[in-house]
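Per-entry structural report
Next come the chains, spelled out residue by residue.
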Amino acid sequence: ARSAAAEPTIAARPHGGRLFRKYLLLILSLVTGALLASGAISIYFTYRETTELLADLQREKAIAAAARIEEYVKRIAQQLSIAALPQVAVGDVEQRRIEFLKLLRQAPEVTDVAQIDATGHEEITVSRLGMDVVGSRRDRSQESAFRNATPAQPWFGPVYFRKETEPYMTIALRPGGATGPATVAEVNLKFIWDVVSRIRIGDKGKAYVVDHHGFLVADPDIGLVLRKTQLSSLPHVKAALAGATGEGVLAADLSGAKVLAAMAPIETLGWKVFVEQPAAEVYARLDASILRTLLLLAAGLVVSAGGALAL
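Given the structure is predicted, the values throughout are model-derived calculations rather than measurements.

Definitions and cut-offs
- Residues numbered from 1 in each chain as written.
- Predicted model: local features only at pLDDT ≥ 70, side-chain atom pairs only at ≥ 80, totals over all residues.
- Heavy atoms only, no water.
- pLDDT = per-residue confidence, 0-100.
- Contact = heavy atoms within 4.5 Å.
- Pairing = 2+ DSSP bridges.
- Helix = DSSP H or I, 4+ residues; strand = E, 2+ residues; numbered from the N terminus.
- Axes fitted to C-alpha atoms, helices over the stretch in contact; angles between N-to-C directions.
- Buried < 20%, exposed > 50% of the residue type's maximum accessible area, 1.4 Å probe, protein only.
- Polar contact = N/O pair within 3.5 Å; in protein donor to acceptor, adjacent residues only side chain to side chain.
- Salt bridge = Lys/Arg side-chain N within 4 Å of Asp/Glu carboxyl O.

This part covers the confidence of the model for the protein chain. Caution applies to low-pLDDT regions: their predicted coordinates should not be interpreted in detail. This prediction gives the protein chain a mean pLDDT of 84; 92% of its residues lie at or above 70. For residues 1-6, every residue scores under 50 in pLDDT, and the model assigns this stretch zero contacts once sequence neighbours within four places are set aside.

Next up, the structure:
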């Protein structure tokens, strides 16, 4: 009788064990699948939204940097317009020379400034690099600076490299009207180094400027500028010169390191301002967020396994 009564209990044990494992695996699979799907979707959208946000932020930094550089150049043009005020009597060369000397003291970026009369002949040139010249009557009527100077706004010439090292730009204006004399200044652009060096892009990022040919005009590393570095071979620079909008993109810098780069144009000068920040620095917070999500997912799996075991 005892053995007969015990038989159902003994027979039920393996059946109960199999049923326990089935329910455990079923509940654990359902909960694990739901958690994994939820975690994967969360990580995907977090990555996408954060990437777009970082790209927009980088673009805003580029726009701010472009505005600061443009304001710097416009300030030089404003100082030139003050020195070229038409109040000085026509023919009063000495008074004009005094005004130009004041300009050289106030604007160290200006190395040469000249006044060209309405017929295109040079009346006076004041220079910090050479001797002043008065009454040379040199014909400059075919120069772009004289032909493009207008009363409406300053004319900014293309970047050129004096002695193949220092970048320069010509600024010309005609404050006395369309038929008046033109004032032409040569501006040393290496002083923009101070402006771009003050622009902070994270801990290791930087801002730099290229002209419409892709030559480096300003960079925190002044040596790159003085070596007349050409950057048009970089894909993101090439795309920007071809008319791309300049949104934040992953690219490689001059050394080959991965960076998040964005661009903003300076339309009045034809320049492009780029900001670059190491990709590792930019995405550090995103990586930390993804790691936290994965840790929470792992914790959820452990809890779900415990709950399934209890059920």
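Here five strands make up an open sheet; going across it, the order is β9-β8-β12-β11-β10 and the pairing antiparallel. Looking at which strands have only one partner, the edges of the open sheet turn out to be β9 (216-218) and β10 (249-252). On average, each strand axis in the sheet is tilted by 45° relative to the strand beside it, whichever way the strands run.

Let us now look at the pairing of strand β12 (residues 271-278). The buried fraction of β12 amounts to seven of the eight residues, a majority that puts the element mostly inside the structure. Relative to β12, strand β8 (residues 206-210) runs antiparallel, the two sharing five bridges. Bridging across to β12, Val209 finds its partner in Val273. With eight bridges joining them, strand β11 (residues 258-266) and β12 adopt antiparallel strand pairing. Along β12, the bridge assignment pairs Ala261 with Glu276. Between the end of β11 and the start of β12, which pair antiparallel, lie four residues, with Gly270 showing a positive phi angle near 75°.

Moving on to unusual backbone geometry. The phi angle at Arg137 is positive, at roughly 60°, despite the residue not being glycine. The residue Arg137 is located in the loop between β3 (133-134) and α3 (144-148) in this model. Look at Lys163: it is not a glycine, yet its phi comes out positive at around 55°. The residue Lys163 is located in the loop between β5 (160-162) and β6 (166-173) in this model. The exposure class of Lys163 is exposed, given its relative accessible area of 77%.

It is worth spelling out the side chain of Asp112 at this point. For Asp112, the location among the structural elements is in strand β1 (residues 110-116). According to the relative accessible area criterion, Asp112 is buried, its value standing at 15%. A polar atom in the side chain of Asp112 sits 2.9 Å from the side chain of Thr111. Among residues more than four places away in sequence, those in contact with Asp112 are Val126, Ser127, Leu129, Arg162, Val184, Ala185 and Glu186.

The next thing to look at is the pattern of salt bridges. In total, this model carries 14 salt bridges according to the counting rule given. Among the ionic pairs, Asp117 bridges to Arg137, the shortest N-O distance being 2.8 Å. Here Asp117 is found in the loop between β1 and β2 (122-127), whereas its partner Arg137 is found in the loop between β3 and α3, with 20 residues between them in sequence. What makes Arg137 partly exposed here is its relative accessible area of 44%. Taking the shortest distance from any N to any O, the salt bridge between Arg140 and Glu143 comes out at 3.0 Å. You can call Arg140 buried: its relative accessible area is 7%. Taking relative accessible area as the criterion, Glu143 reaches 28% and is therefore assigned partly exposed.

So, on to the pairing of β8. Extensive coverage of β8 is indicated by the burial of four of its five residues. Joining the antiparallel neighbours β8 and β9 is a turn of five residues, in which Gly214 adopts a positive phi near 95°.

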